[in-house]
Each structure stands twice: as C-alpha cells, then as structure tokens.
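# Understanding the architecture of this molecule
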Amino acid sequence: MLSIQFIRQNPDMVKEALSKRNDAAPIDEILQIDSDHRKFTQEIDTLREQRNKVSKEIGQMKEKSPEMIAEMRQVGERIKSLEQEAANLSEQLSDQLLRIPNIPQDSVPVGEDESGNRVARLWGEQPKFNFEPKPHWELGEALDIIDFERGVKLSGTRFYVLKGLGARLQRALIDFMLDLHTGEHGYLETYPPFMVKAECALGSGNLPKFADHLYHDAEEDFWFVPTAEVPLTNLYRDEIIEPGTLPLYHVAHTACFRREKMSAGKDVRGIKRGHQFDKVELYKFVEPETSNDELEKMLDNAEMVAQKLGLPYRILELCTGDIGFASSKSYDIEMWAAGCGEWLEVSSCSNCLDFQARRANVRYRPEKGAKPQFPHTLNGSGLALPRVVIAVLENYQQADGTIVVPEVLRSYMGTDIIK
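Note that the structure is predicted; figures quoted are calculated from it, not measured. (Residues numbered from 1 in each chain as written. Predicted model: local features only at pLDDT ≥ 70, side-chain atom pairs only at ≥ 80, totals over all residues. Heavy atoms only, no water.)

## Observations regarding the packing of helix α7 (residues 165-183) against helix α10 (residues 291-309)
At a closest axis distance of 11 Å, the pairing of α7 and α10 adopts a crossing angle of 130°. Comparing the axis directions of α7 and α10 gives the class oblique. In this structure, α7 crosses over α10, and the sense of that crossing is right-handed. In contact with L173, F176, M177, L180 and H181 of α7, α10 contributes N301, M304, V305, K308 and L309. A class-by-class count of the residues in the contact of α7 with α10 yields seven nonpolar, two polar and one charged. (Axes fitted to C-alpha atoms, helices over the stretch in contact; angles between N-to-C directions. Helix = DSSP H or I, 4+ residues; strand = E, 2+ residues; numbered from the N terminus. Parallel < 35°, antiparallel > 145°, perpendicular 65-115°, else oblique. Left-handed = near helix turned anticlockwise from the far one by under 90°. Contact = heavy atoms within 4.5 Å. Nonpolar A, V, L, I, M, F, W, Y, C, P; charged D, E, K, R; others polar.)

Listed below in structure tokens is the structure:
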C-alpha cells in the first residue's frame, strides 16, 4: 500500500500516476479523512494533557472542588466521543488506502490497456508443419489424455481431467521447473497451504478490492489461494528479517483457484482458462536498491524454462493500463501455441517495490542496530500450467497425431513420445 505520508506529501504526483493506470482513487477524499483524523487526534492529546494536569491539581487539594471534578468528567466524555470518531476515521482511511493500486515506475510505457504493451523481444521460431496443426482440445481427446466431459460431470464448466500421459506431462513439467529453479537459480522450494487467512490476502493486495475473484470458505474464513504469491508474501508477515539475510528467494508449486467470469468463445475453449490450475511461482524479498535488477534476473529465470523446453515465446513490457494492482513494473512471457494460432501468457514477472511489504508489515534491518525498513518484493510465474501443456502439445504435434516429448522432459516422462 502507499503510505498516507507519501500521499500527503505528493498528492498531485499520486493523482497523475494513478490516472495513467485509469484508476480514479478518491485522493482528495482520502486527504480530507486524514486531515480530520489528525485534527481529532490532536484535540484528544490536548484534552488528555489538560485532564492530567487538572487531575493532579485536584489530587493535591485539601478540599476537592466539585466544579473541577464535574468539568473533568465532561472532558473525559468528550475524549471518549472523539476517540470513537477518530477510530471510525482511521478505519475509513485504512480501507481507502488498501484499495489504491501501486504507482507505476517512470520506465513503464503509458497505455490505456493491453493494446499499449510493447513487445520487448522474441525467442525461437514458430514451428512449420506440412499439415494443418490441431488445437490441444482435439489432440487431448484423440490421445485420451484430456477428459472434458468427466471434468464437467465432476465439477461443472471450466474443469477437466488430465489422465495417463497427460497427467504425467503436467507432473513432469512441475518437477522440471522446481528442479531448475532450486538447482540452478538458487530458490528455496516451499510448500505453503492452499488456504489462507484473510490478512494474508490483504497483505498480497487481493483483498479487499478483488474479493469477488476469490473462493472463500465463509464458515472458517479461509481464502483459497489464487496464486502462491499470496502465502509467500506473508511468510514473514509482522516479522523483522535479520541483517545479512536478504535476498530471499522462494519457489512454490500450488494449485490456484479463481472465480473470474468467463464467457463462451475462443478465449476459453480447451484448458486455457479454468477455475483451478497449477502454477510454479517465484518470489523474492530483496533490498530496495536491487529490486529492478532482481526483476530482470527473475525474468531470465522464467525464460530459461521456455528455452530449455524449446518453445517459442515473446516478452511483453506491460503498460500502465495493464500492470497488476500491486505491481510497479511488469513483464509478461507469452508462448506460441501453433494449434490455437495465438500467444498464451505463461508468466507475469513484477516488481512491487515496498507495496506488499508495507501491507503485510514485513521489515528488515539493513545492518545490526539499524532502523527496520520495508524490503521490496517481486513475484513471477516460473511457469504457469496448463498453458505450458498446451504449448508442448500444439508445437510438438506430429502428422499422425502423436506428440514428441521435449528432450529435457524425457527422463521425467519415461518416454519420448505421447501416443
């Protein structure tokens, strides 16, 4: 979250930055609430000082003054009333601040929506076929590795069942990614809960603004994670990380659950979009001056997955109108899917600066005895399933309907072909 001190000192800059995100946060209203809250707090402090002084005088009197006692009783009632008003204002202020998105960095291209994103670079060549490539939903059903009908029977629309070599392909991809990120990139494998407390979703920035996108167990107030970013953000919530500990790198595989509305059409056919999917998530806690360099490293780590799989992809630099709520700067990785004939997002790598750390009250000491500061946090998919499954099936398909297994996955799969 943005601190009220920062907004108070830079109101015009905040308004301009948020306008580039197409966000109409009520900054003037927030500043008025803040001003009223500070006014009440100041009056409370003055009245408490007055009460303490007079109470001391009354205590030293041989004969108590009924008038002074009555006056102090009125002061006490006034303090109690002001404290309630100040508490209400504090709650309003906190709620408003939690709904303000992060400020884009100056290097982020300005744009209204995804049409303003820039293609930073491309890697690999799109495969060429001497036959008409099929989309994954046709390949999956023909190979009997994706069962759409039984997925719908079990859970409804936007669910499916992976089986046989389809299930093994997803498991192989997850194991390969975890081994790569832990073995070559220095991340600590972490297995967090798939359900979290409300304060965790507040810390990551998913609550309160995006409650409608989350699955919620109302009876026990558990929130199903939309991404491992949520629990990873909160690993050190309300803690002070000791000097010399940063950077901290975590990688986690979780199922992810999202309630996003989906309309019928090309964009949701097959397994591209669902209410449940798996993802390998990268997360970093770093010192502020290193965070943009760490973002580039994280992007490289995610790209390495695609490169080792031999799958063509492109990097998008997201514009101000398309970056996520908590992000100050983001890159997307999109893989080419030959059967669908489109680019599919498999990762979004973001630098959130101190936005999430402030919300979750994660702090660190730069050195022994130093004042605690907020670290910067970064997150990115490394990568997201099932779209990587789609890219493998569609780009490695053969004329006879079989799928060549990428070389790097063959030891995990125990085969070099899906048939």
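## A short note on the sheet that holds strand β12 (residues 329-337)
Here eight strands make up an open sheet; going across it, the order is β1-β11-β12-β13-β15-β10-β9-β4 and the pairing mixed. For this open sheet the edge positions go to β1 (118-123) and β4 (188-189), each flanked by a neighbour on one side alone. The sheet contact formed by strand β9 (residues 248-257) and strand β10 (residues 276-286) spans ten bridges and is antiparallel. Along β10, the bridge assignment pairs L248 with F285. Against the sheet, α7 touches β4, β9, β10 and β15 (376-384), its axis set at about 5° to β10. (Pairing = 2+ DSSP bridges.)

## What to know about the side chain of K279
Within the secondary structure layout, K279 lies in strand β10. Look at K279 and you get buried, because its relative accessible area is 5%. Among the polar contacts listed, one links the side chain of K279 to the side chain of T227, at a separation of 2.8 Å. (Buried < 20%, exposed > 50% of the residue type's maximum accessible area, 1.4 Å probe, protein only. Polar contact = N/O pair within 3.5 Å; in protein donor to acceptor, adjacent residues only side chain to side chain.)

## Examining the environment of S204
For S204, the location among the structural elements is in helix α8 (residues 198-204). Spatially, the C-alpha atoms of S204 and S347 are 18 Å apart, while their sequence positions differ by 143 residues. Non-local contacts of S204, meaning those with residues more than four positions away in its chain, are made with E229, V230, T233, N234, A326 and Q356.

## Looking at the pattern of salt bridges
Applying the stated rule across the entire model yields 18 salt bridges. The network of salt bridges with shared partners includes D144, D147, R150 and K163. (Salt bridge = Lys/Arg side-chain N within 4 Å of Asp/Glu carboxyl O.)

## Observations regarding the sheet that holds strand β6 (residues 216-217)
The sheet built from three strands is open, its strands ordered β5-β7-β6 with antiparallel pairing. A single partner strand is all that each edge strand has here, and the edge strands are β5 (195-196) and β6. Of the pairings in the sheet, the one linking β6 to strand β7 (residues 222-224) comprises two bridges and is antiparallel in character. Paired with D217 across the two strands is F222, which belongs to β7.

## A few points about α7
Compared with the 27 Å implied by 1.5 Å per residue over 19 residues, the 26 Å span of α7 between its first and last C-alpha is a close match. Within α7, burial applies to G166, L169, Q170, A172, L173, I174, F176, M177, L178, L180 and H181. (Expected span 1.5 Å × (residues − 1).)

All we've got here are geometric facts, nothing functional implied.
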